[in-house]
Amino acid sequence: MKKALAAVLLACISVICSCNKFTIGNETVAVQDITVPFQVIEFHDDVNVRLLHCDANHPAGHIQIKAGEHLINDISAEIQKTNEIVGHDTLYKLIIQNNNSGNFLHTYDYSIEMTVYYDTLYSLVFNSNAKNIVTDTLRGFYYPTHFTQDTLEWDSLAPNLLIELDGGSGDFNVLTNCYRVTTKFLHGTSCITTKGSATIASTFADYDCHGIIDSRELESHIHYVTSYGTNTIYAKTFSLLKASNYNIGRIYYVKYDKKTYDYIPDEGDWGWITHHCPEKKELIGDNIKPLVE
Amino acid sequence: MKKTIRVHIISLLSVLLLCCLKANGQDYAWLSNNNIMVEARAHYGFFWHHHFEMARFNAHYPAFEFSVYQNTFGKREWEANYNYPYIGATFYHANFGLNFEGNHEVGKALGSVFAIYPFINYPLIGNESSQFTLKFGVGLGYLTKCFDNFTNYQNFSIGSHLNAAVNLSFEYRQQVSSRLKTVASVGLTHFSNGSTKLPNYGLNTFSAAFGLAYFLRSPRINLTPTKRPEYKPFEFDKKKWFSVDLNYGIGFKNVSQTLGGDTTHYYSVHDFSTLLLAQFTQHSRAGIGLSFVLDLSDQTLPDHFVDNEGIHVKKEDPETGKERVYDINALQMTKLNFSLCYAMTMNRLSYYFEFGWHLKYNLFTDLSKGNIFQKVSFRYQVYDDIYAHLSLMTHFGRADYLCFGLGYRFNQKYYINHEKGTRRRPPGMHKRYLFL
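Residues numbered from 1 in each chain as written. Chains lettered and ligands numbered in written order. Predicted model: local features only at pLDDT ≥ 70, side-chain atom pairs only at ≥ 80, totals over all residues. Heavy atoms only, no water.

## Some thoughts on the overall build of chain A
The condition is simple: A run of H or I in DSSP counts as a helix once it spans at least four residues, and a run of E counts as a strand once it spans at least two, with each numbered from the N terminus. Contacts were defined at the residue level, with two residues in contact if any of their heavy atoms lie within 4.5 Å.
Secondary structure assignment for chain A yields 2 helices and 18 strands. A separation threshold of at least 6 residues defines the contact pool for chain A, and within that pool the share at least 24 residues apart is 51%.

As structure tokens, then:
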């Protein structure tokens, strides 16, 4: 019995002694320069990121990390080649991660701050619990696009920005000014706020979405909203809203133009639209409504 | 905050003291005959996020528990076989907002929890003065905050206030005096509603604890097992037996918070199962199972919709490869399951552990939660052959449904007692076994 006790105690002591993560250490700054141009950024874990457009002093790919000295070595920003090719360009993505483990051993009262300088961005993929990810004005990425959204069809060489939320519970603020902004909320409890302007905005929320998509400050001409989630979506548009709600989530819209149209499905008239999924209308109720501030 | 902790500790100690002081002669006799102990324990732990989204609420916080239990002494045979376990009930309280990191979001989203659960604590190694034990408890917990898709959407761990509370702890007990013991433990406390109301990913807390346990009267000397006068059919009589168990269980699910629908409507889940089990030690049985599960909440899944004409499913036609709408009835959604089963028996109470596979026998079998499942059941033999059960179906830790019901056991002996050269029924058996 005593031998067993001694063995357990020794094992515990050796584990404890080998671990230096009882404190996060003093705050330290590390600098990293990535030379490969990247167009996609994937955000993971709890790294608070600030995206700034590159300038003369800070070239694209310049990264600053601020964190406790016991944590900073395991915070990574790595480049990976994607399978996606836009035009003749292969896209590269920057993956931001916090690989520290055993975090329960030290205090949770800390933050990891990162500043990333970029040149052109096509896509932001959030899978993060960071409480603050803020962007400078994102201009999107130019590539030829063929739009076939319902009856509207045209080809365009336009700057596009794709925002994808694939998990996590972070708070994200994206400021943008480009032709088309697409927000795809696939999973998680994050809260994303998009601001700025876009000619076309598309918002999609999947079944397992519980967070908020707030586009009240994104001024768009046309806004498509499709929601299968239980979450709340705010949309603002000048001339056209097409909203389809397939679940109990709510879609609130802000009408920038005072003129209001009714939807006449058979005649294909476009205007302010409240479009329910006909099969589940009884389950869902009237959850698309104007926002009363 | 520190003041609050102090108040909690003082309250617990006061209760402990009152229990010691307020007892009359009859109580003393009862306490003395039953080896009753009281215990107060203080925890310090952390919230373990098994879903990445919940990492937002990472924090360390204290918890408190108070237990009343019996240190068994061999009054029944199984007590001696399990090395005199401790049996009792624990009251547990944790305030998730009372964390030392100042993460105020935790309190706002998760609130606090009050739980009460019966437990059994098995001694693993050691003797009465110094021993390692394993505590296992299941009961009810009340969480002050739960998921709301508009006001508390970031807490998608728990969809209801009332939940099951499960505790699993490894403990070390050291005797200080004849009646006082110190207890140190590390353990997991889990809260889940068994998917009765979605979302239900569950809340987990890991904690280390230290406490004091006190015998209210001088402890009894453990009795050694004696020869049993009679075996009941659900007990092992050292002969070889197999049994066929037939169960029916019913459960209820509210999926409105995730898949839409009426927030007050609960869909029923019907679970018919049969188990073929052979007994191979005094407390262990193992075998295989086959079950049919009709989960009516499946009709709210994506690509399913219901109208006056019935249930419709949008699926890809395997022949043409194109999507088409099928009209189906509820029976076509029934899942067929095969499982391997292990059972552990303690007198009338048994634990059943199943590991199984959903068999896809038609196009409409929903395998979106995975095709491998685990099922845990608690059974209580109400009569010799009739039992009540409570079962939890999970897919790798993610609860699917909780059901309760009744079952009937057909016992069959296949062992011939060659020593006496005759087939004989064990004492206490029902007449219908006479044909053996």
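## Quick look at the nonpolar core
So the rule is basically this: For our purposes a nonpolar core is just a set of buried Ala, Val, Leu, Ile, Met, Phe, Trp, Tyr and Cys residues, chained together by side-chain atoms within 4.5 Å. When a residue's accessible area, from a 1.4 Å probe over protein chains only, is under 20% of the maximum for its type it is buried; when over 50% it is exposed; and in between it is partly exposed.
Counting 50 residues, the largest nonpolar core has Ile41(A), Met114(A), Val116(A) and Phe126(A) as the members making the most contacts within it. Leaving out residues up to four positions away in the same chain, Phe126(A) has contacts with Phe43(A), Ile133(A), Ile163(A), Glu164(A), Leu165(A), Asp166(A), Gly167(A), Phe172(A), Val174(A) and Ile192(A). Of all hydrophobic cores here, the second largest spans 36 residues; its members include Tyr234(A), Tyr86(B), Cys146(B) and Ala165(B).

## Describing the interface of chain A and chain B
What counts, and what does not: Here's the idea: put two parts together, see how much 1.4 Å probe accessible area each one loses, and the total over both is what we call buried area. A pairing counts as a salt bridge when a side-chain nitrogen of Lys or Arg comes within 4 Å of a carboxyl oxygen of Asp or Glu. Between N or O atoms, a polar contact is any pair within 3.5 Å; within protein, one atom must be a potential hydrogen donor and the other a potential acceptor, and residues adjacent in sequence are included only when both atoms are from side chains. Three classes are used: nonpolar for Ala, Val, Leu, Ile, Met, Phe, Trp, Tyr, Cys and Pro, charged for Asp, Glu, Lys and Arg, and polar for all others, with Gly counted as polar.
Each side of the interface is counted separately: chain A has 35 residues, and chain B has 36 residues. Summing both sides of the interface, chain A and chain B together bury roughly 3000 Å²; the carbon and sulfur share of this comes to 60%. Scanning the region where chain A abuts chain B turns up 1 salt bridge. A salt bridge links Arg56(B) to Asp171(A), with the nearest nitrogen and oxygen atoms 3.1 Å apart. Summed over the shared surface of chain A and chain B, the number is 8 residue pairs in polar contact (both at pLDDT 80 or more). Among the secondary structure elements, those contributing two or more residues to the side of chain A that touches chain B are helix H1 (2–17), strand S8 (123–128), strand S11 (152–168), strand S12 (171–188) and strand S13 (191–209) of chain A. Across the side of chain A that touches chain B, the residue classes break down as 10 nonpolar, 17 polar and 8 charged.

## Overview of the pattern of salt bridges
Residue and element names in this part refer to chain B. Taken as a whole, this structure holds 21 salt bridges over all chains when the rule is applied. Arginine 41 is paired through a salt bridge with glutamate 171; the nearest N and O atoms lie 2.9 Å apart. Taken together, the residues arginine 41 in strand S1 (residues 36–48) and glutamate 171 in strand S6 (residues 162–175) connect sequence positions 130 residues apart. On the accessibility criterion, arginine 41 (3% relative accessible area) is buried. A cluster of three or more residues bridged by salt bridges with shared partners is formed by Glu39, Arg41, Glu65, Lys135, Glu171 and Arg173.

## A word on the sheet that holds strand S5 (residues 130–143) of chain B
Here is the rule: Should DSSP find at least two bridges between two strands, the strands are regarded as paired. The axes are straight lines fitted to the C-alpha atoms, using for helices just the contacting stretch, and the angles between their N-to-C directions are given from 0 to 180°.
Pairing is antiparallel around the closed barrel formed by 8 strands, whose spatial order is S1-S2-S3-S4-S5-S6-S7-S8 (chain B). The sheet shows a mean angle of 25 degrees between the axes of neighbouring strands, direction not considered.

## Side note on the sheet that holds strand S13 (residues 310–316) of chain B
Residue and element names in this part refer to chain B. Spatial ordering of the open sheet is given by S12-S13-S14, a layout of 3 strands whose pairing is antiparallel. Strands at the two margins of the open sheet, each flanked by one partner only, are strand S12 (304–307) and strand S14 (323–328). Here the strands of the sheet are splayed against their neighbours by 30 degrees on average, with no regard to which way each runs. Two strands pair when backbone bridges link them, and S13 and S14 are joined in this way by 6 bridges, in the antiparallel orientation. By the bridge assignment, lysine 314 is partnered in S14 with valine 325.

## Some details on a nonpolar patch on the surface
Residues and elements named next belong to chain B. Put simply, the test is: Distance thresholds for patches are 9 Å for like charges and 5 Å for nonpolar side chains (Val, Leu, Ile, Met, Phe, Trp, Tyr), applied to residues having over 30% relative accessible area and no salt bridge. Areas reported as accessible are Shrake-Rupley estimates using a 1.4 Å probe. Residue values count occlusion only from the protein chains shown.
Residues Phe91, Phe114, Ile116, Leu140, Tyr142 and Leu162 make up a contiguous nonpolar surface patch of about 590 Å² in total accessible area. Contributing elements (two or more residues each) for the nonpolar patch: strand S4 (112–126) and S5. Along the chain, the position of tyrosine 142 falls in strand S5.

## Some thoughts on the packing of aromatic side chains
Note the following rule: Here a Phe, Tyr or Trp ring, Trp counted by its six-membered ring, pairs with any other such ring whose centre lies within 6.5 Å, and the pair is stacked when the planes are under 30 degrees apart, edge-to-face when over 60, and tilted otherwise. Cation placement over rings: the criterion is NZ of Lys or CZ of Arg within 6 Å of the ring centroid and within 35° of the ring normal.
Within the structure shown, the criterion is met by 23 aromatic pairs over all chains. Ring geometry for Tyr82(B) and Tyr122(B): centres 5.6 Å apart, planes at 50 degrees, overall tilted. Of the two residues, Tyr82(B) is situated in the loop between helix H3 (77–81) and strand S3 (86–95) and Tyr122(B) in strand S4; the sequence distance between them amounts to 40 residues. Across the pair, Tyr122(B) and Tyr82(B) agree in class, each one buried. Between Phe136(B) and Phe378(B), the aromatic rings sit 6.3 Å apart at their centres with planes inclined by 25 degrees, giving stacked as the arrangement. Within this pair, whereas Phe136(B) is found in strand S5, its partner Phe378(B) is found in strand S17 (residues 372–381), the two being separated by 242 residues in sequence. Members of the aromatic cluster, joined through ring pairs, are Phe136(B), Tyr351(B), Phe353(B) and Phe378(B). Sitting over the face of the ring of Tyr234(A), Arg216(A) holds its NZ or CZ atom 4.0 Å from the ring centroid.

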